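# Structural overview
For reference, the chains in residue letters:
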Amino acid sequence: MGENSTRENASIMIAAFVREALAEDVGRGDLYALVEAATPASAKIIAKSDGVVAGVKYIDVLADMEQIEISWLKNDGECFVTGDLLATLNADSHTLLRCERTILDMLLHASSIATLTNRYVKLIEPYGVKLLDTRKTRPLLRVFEKYATRTGGAVNHRMGLDDSLMIKDTHLKTIKDLKAYIVQARTKIPFTAKIEVEAETFEIAQMAFEAECDIVMCDNMTPLQIKKIVALRDEKYPHILLEASGNISLETIESYAKSGVDAISSGSLIHQANWIDLSMKMD
């Protein structure tokens, strides 16, 4: 699939998502519009808390669909503070008021995730460690939520089971010989797909190294435990990447970044993101 086809498919997915989001709120029609005729109107989106903008890509699609003229004063990935004007909107009154909640919900959801993600990113940037998201996303919102983490500065981990081969502790229970399994997997999975093994102990990490996987995930380990695995990797398996994961918080992530891993993954970027405060005001 070429680059143009990939972009076209992404655009189709975004348009379908936006259409469904609006339809969910509008239902059979906005009752407000039954009372009186539409008039020309304008509105502003104003920040009532600090944060990082995300959602512009999706809201622009909605604006185009509904013939709303929107001008952004802050773009995806840019920081804002309380009181900042984020965007101005112009359309007829029926359209603006019908789309208000859908616009704000997409902007709030994505920006809240981007805001928390950015806080994590800033803590580990000095150590050259990548921040990864996970598959702990709300059903049917994975693409949208991973777009939000990416906007906040994270790197997307796999989008689904078809992205790379992750051998977790549950999988290991079914595998008798890890090295033989990986050798066989190399003949069956796509050439570009990586193989990652989740390790909860030093011994499992060592077994994963010996089995010649591409990435070892140190799961639910302390930074001290991970440092021992980093030392082994650096000495004997420098080509294998190390990822830390499991109950990593804003309070602890810096200590994991100092351990020597290449990346840190956290589901909390999404499931612990508290909504920031934005509002749309009609002029």
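Heads up: the structure comes first, above all this text.
Read on for an overview of the structure. Computed from a predicted structure; not experimentally measured.

All right, on to the environment of Met-282 then. By the secondary structure assignment, Met-282 is in strand 12 (residues 278-282). Separated by 46 residues in the primary sequence, Met-282 and Lys-236 have C-alpha atoms spaced 63 Å apart. For Met-282, the residues in contact, after removing those within four places along its chain, are Ala-41, Ser-42, Ala-43, Leu-96 and Leu-97.

This brings us to the pairing of strand 5 (residues 85-92). Bridge analysis of strand 1 (residues 40-47) against strand 5 gives 7 bridges, and the strand direction is antiparallel. Counterpart to Ile-46 in the pairing with strand 5 is Leu-85.

Overall, the coordinates contain 6 aromatic pairs when judged by the stated rule. With a centroid separation of 5.1 Å and 25° between ring planes, the pair formed by Phe-17 and Phe-144 is classed as stacked. Within this pair, whereas Phe-17 is found in helix 1 (residues 3-26), its partner Phe-144 is found in helix 4 (residues 142-151), the two being separated by 127 residues in sequence. Take Phe-17: its relative accessible area is 22%, and that puts it in the partly exposed class. Taken together, a centroid distance of 4.8 Å and an interplanar angle of 85° make the contact between Tyr-58 and Phe-144 edge-to-face. With Tyr-58 in helix 2 (residues 56-65) and Phe-144 in helix 4, this residue pair connects regions lying 86 residues apart in the sequence. Grouping residues by exposure puts Tyr-58 and Phe-144 together as buried. By the ring-pair criterion, three or more aromatic residues cluster together here, those being Phe-17, Tyr-58, Phe-144 and Tyr-147.

Moving on, we come to empty space enclosed by the protein. One way to see where empty space is left: roll a probe the size of a water molecule over the atoms. Applying the stated criterion across every chain yields a total of 1 cavity of 30 Å³ or more. Reported here for the largest cavity is a volume of approximately 40 Å³. Around the largest cavity, the lining residues are His-109, Ser-112, Ile-113, Arg-138, Ile-270, Ala-273 and Trp-275. Among the elements that make up the lining of the largest cavity, the one with the highest residue count is helix 3 (residues 93-124) (3 residues). Its residues assigned to classes, the lining of the largest cavity comprises 4 nonpolar, 2 polar and 1 charged.

With respect to burial, strand 10 (residues 241-245) is a largely interior element, 4 of its 5 residues being buried. Both strand 9 (residues 215-219) and strand 10 contribute to a ladder of 5 bridges, which runs parallel. Note that in strand 10 the partner of Val-216 across the bridge is Leu-242. The sheet contact formed by strand 10 and strand 11 (residues 263-265) spans 2 bridges and is parallel. By the bridge assignment for strand 11, Ala-244 is matched with Ile-264.

Another point: the layout of surface pockets. Of the pockets and cavities examined, the largest pocket occupies roughly 570 Å³. Lining the largest pocket are 20 residues, and of these Phe-17, Ala-21, Leu-140, Leu-141 and Phe-144 lie nearest its centre. No other element matches helix 1, which puts 8 residues into the lining of the largest pocket. Tallied by class, the residues present in the lining of the largest pocket amount to 12 nonpolar, 2 polar and 6 charged. By volume, the second largest pocket amounts to about 450 Å³. The wall of the second largest pocket is formed by 23 residues, among which Thr-134, Lys-136, Lys-168, Ser-245 and Gly-267 lie closest to the centre. Of all the secondary structure elements, the ones that give two or more residues to the lining of the second largest pocket are strand 9, strand 10 and helix 10 (268-271). Taken together, the residues of the lining of the second largest pocket break down into 3 nonpolar, 12 polar and 8 charged.

Procedures and definitions
- Residues numbered from 1 in each chain as written.
- Predicted model: local features only at pLDDT ≥ 70, side-chain atom pairs only at ≥ 80, totals over all residues.
- Heavy atoms only, no water.
- Helix = DSSP H or I, 4+ residues; strand = E, 2+ residues; numbered from the N terminus.
- Contact = heavy atoms within 4.5 Å.
- Pairing = 2+ DSSP bridges.
- Phe/Tyr/Trp six-rings, centres within 6.5 Å; stacked < 30°, edge-to-face > 60°.
- Buried < 20%, exposed > 50% of the residue type's maximum accessible area, 1.4 Å probe, protein only.
- 1 Å grid on protein atoms, 1.4 Å probe; cavity = no way out; pocket = protein on both sides within 12 Å on 5 of 7 lines; lining within 4 Å.
- Points joined across faces, edges and corners; volume = space filled by probe spheres on them.
- Nonpolar A, V, L, I, M, F, W, Y, C, P; charged D, E, K, R; others polar.

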